[in-house]
Amino acid sequence: MKYLHTMVRVENLDASLNFYCNLLGLVEVKRKDSEAGRFTLVYLAAPTQLDEAKTSFSPTIELTYNWDTEQYSGGRNFGHLAFAVEDIYALCEKLQAAGVTINRPPRCGHMAFIKSPDGISIELLQQGEPLPPQEPWLSMENTGSW
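Residues numbered from 1 in each chain as written. Predicted model: local features only at pLDDT ≥ 70, side-chain atom pairs only at ≥ 80, totals over all residues. Heavy atoms only, no water.

Participant: In this structure, what is going on with helix α3 (residues 88–97)? I would like to understand it.
Facilitator: Along α3, the residues that are buried comprise Ile88, Tyr89, Leu91, Cys92 and Leu95. For α3, the arc enclosing every buried residue in end-on projection is 165°, short of the 170-degree limit, so these residues lie on one face. Turned more than 90 degrees from where α3 packs its buried face, Glu93 and Ala97 sit exposed. Looking at the buried side of α3, the elements it contacts are α1 (13–23), β5 (81–85), β6 (102–104), β7 (111–115) and β8 (121–126). The opening residue of α3 is Asp87, an N-cap whose side-chain oxygen sits 3.1 Å from the backbone nitrogen of Tyr89. (Buried < 20%, exposed > 50% of the residue type's maximum accessible area, 1.4 Å probe, protein only. Helix = DSSP H or I, 4+ residues; strand = E, 2+ residues; numbered from the N terminus. Arc of directions from axis to C-beta. Contact = heavy atoms within 4.5 Å. Polar contact = N/O pair within 3.5 Å; in protein donor to acceptor, adjacent residues only side chain to side chain.)

In structure tokens:
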């Protein structure tokens, strides 16, 4: 058995690509438009896994954008996506500056949770050892759910 991808339905492809690519740093590796099915599939990968993703399309996130208007709820039903990050504080600062709510701040220097524009819960984990706890994260309260 081999993990391939996680599929996430998105309401606004541009907003989702901005979030996953420009803010989180993922890279688009494949795109497919289906005129007959009226949808677009976009596969994204972490930069350090790009070579593997370009040949096998795994491990990836598959964003599914249905051209006809639909609203999705319950993004938490499947759990969450998880990414190891080089500097959890720097990434959370970047996300927060871009208007992303840090639902569970990285108080411990190891773990944080955020949500995508479509309400998908995303866990950010510090690579290696946790960073020393520091403000403003140390005293920041949780916001909403994740």
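Still to come is the rest of the account.
Participant: Is there a simple way to think about the pattern of salt bridges in this case?
Facilitator: Pairs can form between side chains of opposite charge whenever their charged atoms are close. What the rule picks out here adds up to 2 salt bridges. Of the charged contacts, one joins Asp68 and Arg38 as a salt bridge, the two residues approaching to 2.8 Å between their closest N and O atoms. Of the two residues, Asp68 is situated in the loop between β4 (60–66) and β5 and Arg38 in the loop between β2 (27–34) and β3 (39–45); the sequence distance between them amounts to 30 residues. Residue class for Asp68 comes out partly exposed when judged on its relative accessible area of 42%. The class for Arg38 is partly exposed, based on a relative accessible area of 35%. (Salt bridge = Lys/Arg side-chain N within 4 Å of Asp/Glu carboxyl O.)

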